[in-house]
Amino acid sequence: GGGGYPSLFLLYSVFQAFPFPYVHYIHFLTTCQDDSTGLSNSKIRKYTRSRILFCKKNFYNLYITSCLLLKYWYKGKTILLNNYENFDNSETSARKSSLIQERVSLVSTHMYKQFLDYQHATVNTNEIFSRMIDNLQAVSETLKQLFSSRGITTQNIYVDTDPQKSVAIINILWHKISFTTRCNYQPQALFRENGEHLFSGRIMAIRGNYNEIMQGVKDHDDEMGRLLENEVASLFIPAETNQNSILKIKHLSNREFYLNQLDAPREFVLKVVETICGGGFYHEEGARKQFNI
């Protein structure tokens, strides 16, 4: 048969092999109608009963055979469908796996480059920050000498650092300036107009004492918000040591100054000290104000 159904010819053949009782009964009457002696009722009943029993038995066999045919047909059809679906699913799964692997591979390559740039930039940033601390100490000692020669006490001129060397604070009389590398908690790039964004480390200079500003800070987002609120300038250090560092000063509309990495520690410290200590504060009159020169 077609269309996935069991063969009608096969079922017809089975029915032919096991005819129903009434067919045999009619045949018996037809073949015996010329008998001159006639047919006794008992003879007819006896013959009919025997044929009925015979056909009941064969009809049961027919029922069992038909059930088996339907069972194995359905089972065979299910196996074929499952095999087709499994083949189709495996082919689709292979395509999906290949597509996922290809695209995720591109992502991993991009992130790996970022990670390497982050590592190298972090090394350069820590090296520059260490040299900045030396420059801060030199600035502090020079200021002490200059103010001392003018008869001004110098006990409020000093430099503090944290044990990890990630925060440095210089106190110059009534001014407090902090420098930190704690903004480098993930790979970050400096935006470039040409689209070639520069992955780099960052040293931030802020107005005030870092430890006082960060009291009660809860996470990196909170820390970064306070840093940006008090930012004076930032120095961006690229991964390659032969690339220039970029100094951006906030009150100059983030104008960029390019510094080689050898001179960057000294120039950054001096520029920030000049910006903050070269300015001053206004008297408070309803709104807090300050100015820079």
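Conventions and cut-offs
- Counting starts from 1 at the beginning of each chain's written sequence and moves along it residue by residue.
- Side-chain atom pairs in this predicted model are given and counted only at pLDDT of 80 or more, local residue features only at pLDDT of at least 70, and totals for whole chains, interfaces and linings cover all residues.
- Note: side-chain values were computed over all heavy atoms of the structure, leaving out hydrogens and water.
- Going along the chain from the N terminus, every DSSP run of H or I of four or more residues is numbered as a helix, and every run of E of two or more is numbered as a strand.
- Burial classes: relative accessible area under 20% of the type maximum marks a residue as buried, over 50% as exposed, and values in between as partly exposed (1.4 Å probe, protein chains only).
- Each Phe, Tyr or Trp ring, with Trp reduced to its six-membered ring, pairs with another whose centre is within 6.5 Å; inter-plane angles below 30 degrees give stacked pairs, above 60 give edge-to-face pairs, and intermediate values give tilted ones.
- In our convention, an over-ring charge means Lys NZ or Arg CZ found within 6 Å of a ring centre and within 35 degrees of that ring's normal.
- Think of it this way: DSSP has to see at least two bridges between two strands before they count as a pair.
- Given the number of residues in a helix, its expected span is that number minus one, multiplied by 1.5 Å.
- Arc, as used here, means the arc of the directions from the helix axis to the C-beta atoms.
- Here, residues are in contact when the closest pair of their heavy atoms is within 4.5 Å.

Draft legend 1. Representation of unusual backbone geometry. Phi at S253 is positive, roughly 60 degrees, even though this residue is not glycine. In this structure, S253 sits in the loop between strand 7 (245-249) and strand 8 (255-259). Positive phi is not limited to glycine here, since N254 has a value of about 55 degrees. With respect to the helices and strands, N254 occurs in the loop between strand 7 and strand 8. Looking at N254, the relative accessible area reads 37%, which means it is partly exposed.

Draft legend 2. Representation of the packing of aromatic side chains within the structure. The full count for this structure, using the stated rule, is one aromatic pair. Over the ring of F257 we find K271, and its NZ or CZ is 5.8 Å from the ring centre.

Draft legend 3. Spotlight on the pairing of strand 5 (residues 198-207). With nine of ten residues buried, strand 5 is to be regarded as a mostly interior element. Pairing geometry for strand 3 (residues 175-180) and strand 5, over four bridges, is antiparallel. Residue pairing for strand 5: T180 is matched across the bridge by M204. Where strand 4 (residues 189-190) lies against strand 5, two bridges are found, and the strand directions are antiparallel. By the bridge assignment for strand 5, L190 is matched with L198. As paired elements, strand 5 and strand 6 (residues 231-238) share seven bridges and run antiparallel to each other. The partner of M204 across the bridge, within strand 6, is S234.

Draft legend 4. Region of interest: helix 6 (residues 264-277). With 14 residues, helix 6 should cover 20 Å at 1.5 Å per step; its first-to-last C-alpha distance of 20 Å lies within 8% of that length. Here helix 6 has its buried residues at A264, P265, F268, V269, V272, V273, T275 and I276. All buried residues of helix 6 project into a common sector of 165 degrees when viewed along the axis, lining one side.

Draft legend 5. Quick peek at helix 5 (residues 220-229). Residues of helix 5 that are buried: E223, M224 and L227. On an axial view of helix 5, the arc spanned by its buried residues comes to 95 degrees, and they lie on one face. For helix 5, the exposed residues set more than 90 degrees away from the buried face come down to D221 and E229. Buried residues belonging to helix 5 abut strand 3, strand 5, helix 4 (210-213) and strand 6.

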